[in-house]
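Spelled out, the chains give:
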Amino acid sequence: RKIADSLVEKGIDFNKIILKPIEVNTDAIKNGIPVFNLHEKFPQFKKIMLIVSRLEAEKNIEMAIKAMKIVNTKIPDLGLIIVGSGSLANKLKKLAYNLNIASQVVFVGWQTDLIPYYKGCDILLVTSWYEGYGMVFKEAQAVGCKIVSTDVGIAREVGAEIVGWKVEEVAGKLVENLK
């Protein structure tokens, strides 16, 4: 709907736009049984923030890691679990190391079963510059995850807490939602 609205703003007749739903098997996620307990797998973290994303520039994971540095000063037992792979993996790992939060940021790589991650996290974070849709929103919503996100894709439609693209704003909203 957000994309359709932006097309109308650009002068395209709404009647010429066809909205097609994207199928997301939310029942499989909602009713799925986790193969492990996320908090047991990462017992060093009392709270877990989750990112599920390709590790590419448009996903803006760098901002998430920088926000984690700030949040970590207020919630030191918070862990950031990043699920995904991509061309920026090594750069992002190096950033976490350089910010002295490498022990709080765990890269688990690409995963085919996201159920234990969604069901085990305390909050989902999306910091993308843009999303056409954002399937992770629907998947996280299916299990009742709190979501903090930039204003992309269907973030508003799923009730995400919307933040701007400033590290401090993201960090503040995370602290507010994790306390």
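Now for a look at the structure at hand. (Residues numbered from 1 in each chain as written. Predicted model: local features only at pLDDT ≥ 70, side-chain atom pairs only at ≥ 80, totals over all residues. Heavy atoms only, no water.)

1. Examining the side chain of Asn 60
Link 1 in the chain: As for its position among the elements, Asn 60 is in the loop between strand E1 (47–52) and helix H4 (61–74).
Link 2 in the chain: In this structure Asn 60 comes out as buried when scored by relative accessible area, which is 8%.
Link 3 in the chain: Aside from chain neighbours lying at most four places away, what touches Asn 60 is Thr 127, Ser 128, Trp 129 and Trp 165. (Helix = DSSP H or I, 4+ residues; strand = E, 2+ residues; numbered from the N terminus. Buried < 20%, exposed > 50% of the residue type's maximum accessible area, 1.4 Å probe, protein only. Contact = heavy atoms within 4.5 Å.)

2. Some remarks on the state of the cysteines
Link 1 in the chain: Under the definition given, this model contains zero disulfides.
Link 2 in the chain: Lacking any disulfide linkage, Cys 121 is separated from the closest cysteine sulfur, that of Cys 145, by 3.6 Å.
Link 3 in the chain: Taking relative accessible area as the criterion, Cys 121 reaches 11% and is therefore assigned buried.
Link 4 in the chain: Of the residues examined, Cys 145 reaches a relative accessible area of 14% and is grouped as buried. (Disulfide = S-S within 2.5 Å.)

3. Description of the packing of aromatic side chains
Link 1 in the chain: Here the structure, examined in full by the defined rule, presents three aromatic pairs.
Link 2 in the chain: Here Phe 36 and Tyr 117 contribute two aromatic rings whose centre-to-centre distance is 5.4 Å and whose plane-to-plane angle is 85 degrees, an arrangement assigned as edge-to-face. Linking Phe 36 in the loop between helix H2 (26–31) and helix H3 (38–41) with Tyr 117 in helix H6 (residues 115–120), this pair joins segments that are 81 residues apart in sequence.
Link 3 in the chain: On the basis of relative accessible area, Phe 36 is assigned to the partly exposed category, the value being 25%.
Link 4 in the chain: Considering the side-chain rings of Trp 129 and Trp 165, the 6.3 Å spacing of their centres and the 10 degrees angle between planes classify their relative orientation as stacked. Of the two residues, Trp 129 is situated in the loop between strand E4 (123–126) and helix H7 (135–142) and Trp 165 in the loop between strand E6 (161–163) and helix H8 (167–178); the sequence distance between them amounts to 36 residues.
Link 5 in the chain: The ring centre of Phe 36 lies 4.3 Å from the NZ or CZ of Lys 41, which sits over that ring. (Phe/Tyr/Trp six-rings, centres within 6.5 Å; stacked < 30°, edge-to-face > 60°. Lys NZ or Arg CZ within 6 Å of the ring centre and 35° of its normal.)

4. Looking at the side chain of Glu 58
Link 1 in the chain: Tracing the chain through its elements places Glu 58 in the loop between E1 and H4.
Link 2 in the chain: Reaching out from Glu 58, the side chain makes a polar contact with the side chain of Arg 54 at a distance of 2.8 Å. (Polar contact = N/O pair within 3.5 Å; in protein donor to acceptor, adjacent residues only side chain to side chain.)

5. Structural notes on the pattern of salt bridges
Link 1 in the chain: Evaluated as defined, the whole model comprises seven salt bridges.
Link 2 in the chain: Between Lys 173 and Glu 176 there is a salt bridge; the shortest N-O distance is 3.7 Å. Of this pair, Lys 173 and Glu 176 both sit in helix H8, three residues apart, which is roughly one turn of that helix.
Link 3 in the chain: Where salt bridges share partners, they join Glu 62, Lys 66 and Lys 91 into one cluster. (Salt bridge = Lys/Arg side-chain N within 4 Å of Asp/Glu carboxyl O.)

6. A look at the sheet that holds E6
Where strands meet in a sheet, backbone hydrogen bonds hold them as pairs that are either parallel or antiparallel.
Link 1 in the chain: On the basis of which strands lie adjacent, the open sheet formed by six strands has the order E3-E2-E1-E4-E5-E6 and parallel pairing. At either margin of the open sheet sits one strand with a lone partner, and together these are strand E3 (105–109) and E6. Direction aside, neighbouring strands of the sheet carry axes that sit 25 degrees apart on average.
Link 2 in the chain: One ladder, built from three bridges, connects strand E5 (residues 147–150) with E6; its direction is parallel. By the bridge assignment, Val 148 is partnered in E6 with Glu 161.
Link 3 in the chain: Along the sheet, H4 contacts E1, strand E2 (78–83), E3, E4 and E5; its crossing angle with E2, the most-contacted strand, is approximately 165 degrees.
Link 4 in the chain: Each of E1, E2, E4, E5 and E6 touches H8; the most contacted strand, E6, lies at about 160 degrees to it. (Pairing = 2+ DSSP bridges. Axes fitted to C-alpha atoms, helices over the stretch in contact; angles between N-to-C directions.)

7. Considerations on the environment of Ile 70
Link 1 in the chain: Position of Ile 70 relative to the elements: it lies in helix H4.
Link 2 in the chain: Since its relative accessible area comes to 28%, Ile 70 is described here as partly exposed.
Link 3 in the chain: Linking Ile 70 and Gly 172, residues 102 residues apart in sequence, is a C-alpha distance of 8.6 Å.
Link 4 in the chain: Discounting chain neighbours no more than four positions away, the residues touching Ile 70 are Val 167, Glu 168 and Ala 171.

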